[in-house]
Amino acid sequence: MSVKDELRKNLIRKLRAGEELFPGIVGYRDSVIPQIINGILSKHDLLFLGLRGQAKTRILRMLPDLLDEWMPVLSGVEINDDPLAPITKTGKRLIADQGDDAKIEWVHRSNRYQEKLATPDVTIADLIGEIDLVKHAEGRYLSDESTMHYGMIPRSNRGLFAINELPDLAPRIQVGLFNVLEERDVQIRGYPIRLNLDVCLVFSANPEDYTNRGRIVTPLKDRIGSVIRTHYPETVQEGVDIARQNAWIDRGKDQSDSGVRVETPPFMTEIIEQVVRLARSSPHVSQASGVSVRTSIANLETVMSNAERRGIATDEKRVVPRICDLNYMIASCRGKIEMTLAEEDGAEDKLVKSLIGEAVKAVFERYDDPESHENITEQFKGNLTFPAGDDLSAEEFVANMKAIKGLPQAAIALSKELGLDPSDVAMISSVGEFLLEGLYVNNRLSKFNSKGKTFFKR
């Protein structure tokens, strides 16, 4: 049974059993996964085409789960040779000399997947193989298979071989893959030694690469059976789920850790995800490059870390991130958002600040109406200022809220709308700042900084 037959057989078994094919992959159930299933059922080589941070490599590394758990190979052969149908001269000689007594080894499916990152310096010798001059110096003829040093593709025989970022592979090296994809054989250095390989080739590529760093040569694309298009999360909730699944959010659980437990409310993770979604549609951001989900993951970790830092400084055992913590996302956004034009220094930081404001406004309007809080904004007309820096503990923040009539009650009502506990002081402080920031982004209040501290005012 060929490796593609094996993949097909195990896929069919999992489909009939109703098993989850790619556990942990969010948002691809009805779009990407059906394409993968069809490609495997068709016994195709696959190309995953999508912008950065769309789980292409992660899916590639999950494909070996569709292989049999163990596979027998002939012992003493450089590549995974089939005991029942060897393709190498060494394997054929072992079977001819020893028959059923030939020694075999068992290879786990995790060792049947090989991966190579395509870089301009990759050579045919790396992928296919080369003459081993040391073996030749020992007295073997060049035409003898035993003088060959096999590359990564022959060593992936009876398994999967992945090439990441395929367009970065030099065109002349891509040409060297033609025979592997179509005729299923390799030839080393023009010598009459051919190996009829049994290998499933899978690739990843970024569409941007077709016109920038490199391109996939047309005959190679023609030989790849299925091109699987990936995409970014289609909903805010999918993006939030991916961020929470991949970010380091277990803070303060280890005794040797900070001792500060960080609990992020859903509306804060929605804002963090909304920032990235807005960036993906901003005219100032290069959409050809894309904005990776890694940005959401890094931003969530940064916001939680700033809240944790506050907890350490104020000696709180449990903290809830607030709007003031979002400002520190600038550091985790830098380098991840590519702007369309080479603008002045600091343009990227200004864009992120603008996106944070837009994200807060979008999320606030899902849960509350700024028009309904005139009683709060009216109180700011008399030169009233409200401190809201990230140096304030939750108790200090809530104590300050009580100085503004109606603000605690409005925060309690909003927390109920958000499905949060209104008796939780840390949570109410976060909701209270969210409410004030919602009024600010809707031009009902203004903000200013003084000596490193932030204040709301009229």
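Residue numbers run consecutively from 1 along every chain, following the written order of its sequence. Local features in this predicted model are restricted to residues of pLDDT 70 or higher, and side-chain atom pairs are both shown and tallied only at a pLDDT of 80 or more, whereas totals for entire chains, interfaces and linings draw on every residue. Hydrogens are left out, water is left out, and the side-chain values use all remaining heavy atoms of the structure.

Observations concerning the overall build of the protein chain
Okay, step 1: A count of helical and extended segments in the protein chain gives 19 helices and 16 strands.
Okay, step 2: Each of the three principal axes of the protein chain carries a C-alpha extent, and together these read 95 × 45 × 40 Å.
Okay, step 3: Buried residues in the protein chain amount to 50% of all 458 residues.
Okay, step 4: Counted over contacts in the protein chain with a minimum sequence separation of 6, partners at least 24 positions apart contribute 73%.
Okay, step 5: Shrake-Rupley sampling with a 1.4 Å probe provides the accessible areas, and residues are treated as covered by the protein chains on show and by no other component. Surface exposure of the protein chain reaches about 21,600 Å², of which carbon and sulfur atoms provide 49%.
Okay, step 6: Computed over 60 positive and 69 negative side-chain charges, the inter-centroid distance for the protein chain is 1 Å. Helix and strand definitions here come from DSSP, where helices need a minimum of 4 consecutive H or I residues and strands a minimum of 2 consecutive E residues; each element is numbered from the N-terminal end. Categorising residues by exposure relies on relative accessible area from a 1.4 Å probe, with only protein chains included: less than 20% of the type maximum marks a residue as buried, more than 50% marks it as exposed, and the intermediate range marks it as partly exposed. The contact rule is simple, with two residues in contact once any of their heavy atoms fall within 4.5 Å. All tallies of charge rest on Lys and Arg as positive and Asp and Glu as negative; His and the ends of each chain are not included. Charged groups are reduced to one reference atom each: NZ for lysine, CZ for arginine, CG for aspartic acid, CD for glutamic acid.

What to know about the side chain of Glu-238
Okay, step 1: Relative to the elements of secondary structure, Glu-238 occurs in helix H11 (residues 236-246).
Okay, step 2: Whenever two N or O atoms come within 3.5 Å, that pair is a polar contact, provided that in protein one can donate a hydrogen and the other can accept it, and provided that, for residues adjacent in sequence, both atoms are side-chain atoms. Among the polar contacts listed, one links the side chain of Glu-238 to the backbone nitrogen of Glu-234, at a separation of 3.0 Å.
Okay, step 3: Excluding its chain neighbours within four sequence positions, the residues that come into contact with Glu-238 are Val-26, Gly-27 and Pro-233.

Structural notes on a nonpolar patch on the surface
Okay, step 1: Side chains of Trp-70, Ile-104 and Trp-106 sit close together on the surface and give an oily, nonpolar patch of about 350 Å² of accessible area.
Okay, step 2: Among the secondary structure elements, Trp-106 is positioned in strand E3 (residues 104-108). Patches here are clusters of residues that have more than 30% relative accessible area and form no salt bridge, with a 9 Å joining cutoff for like charges and a 5 Å cutoff for nonpolar side chains (Val, Leu, Ile, Met, Phe, Trp, Tyr). Salt bridges are defined by distance alone: a side-chain nitrogen of Lys or Arg within 4 Å of a carboxyl oxygen of Asp or Glu.

Regarding the sheet that holds strand E14 (residues 386-387)
Okay, step 1: The strand order across the open sheet formed by three strands is E14-E16-E15, and the pairing between neighbours is antiparallel. Every interior strand has two partners, whereas the edge strands, E14 and strand E15 (446-450), have only one.
Okay, step 2: In this scheme, strands are said to pair when DSSP sees at least two bridges between them. Of the pairings in the sheet, the one linking E15 to strand E16 (residues 453-457) comprises five bridges and is antiparallel in character. Bridge pairing in E16 places Phe-448 opposite Phe-455.

Structural notes on the environment of Gly-76
Okay, step 1: Counting through the fold element by element, Gly-76 comes out in the loop between strand E2 (70-74) and helix H4 (89-98).
Okay, step 2: Exposure remark for Gly-76: the relative accessible area of 68% places this residue in the exposed category.
Okay, step 3: A sequence separation of 377 residues divides Gly-76 from Lys-453, and the C-alpha atoms of the two residues are 70 Å apart.

Overview of the state of the cysteines
Okay, step 1: Disulfides are defined as pairs of cysteine sulfur atoms found within 2.5 Å of each other. Summed over the entire model, instances satisfying the criterion amount to zero disulfides.
Okay, step 2: The closest cysteine sulfur to the non-disulfide-bonded Cys-324 is located on Cys-333, 17 Å from its own sulfur.
Okay, step 3: Among the residues examined, Cys-324 registers a relative accessible area of 7% and is labelled buried.

Points about unusual backbone geometry
Okay, step 1: The phi dihedral of Arg-158 is positive, around 65°, even though this residue is not glycine.
Okay, step 2: Along the polypeptide, Arg-158 turns up in the loop between helix H7 (152-155) and strand E7 (159-164).
Okay, step 3: Residue classification places Arg-158 among the buried positions, given a relative accessible area of 12%.
Okay, step 4: In this structure, Asp-315 is a non-glycine residue whose phi angle is positive, near 60°.
Okay, step 5: Here Asp-315 shows up in the loop between helix H13 (293-314) and strand E13 (318-319).
Okay, step 6: Asp-315 sits in the exposed class, given a relative accessible area of 59%.

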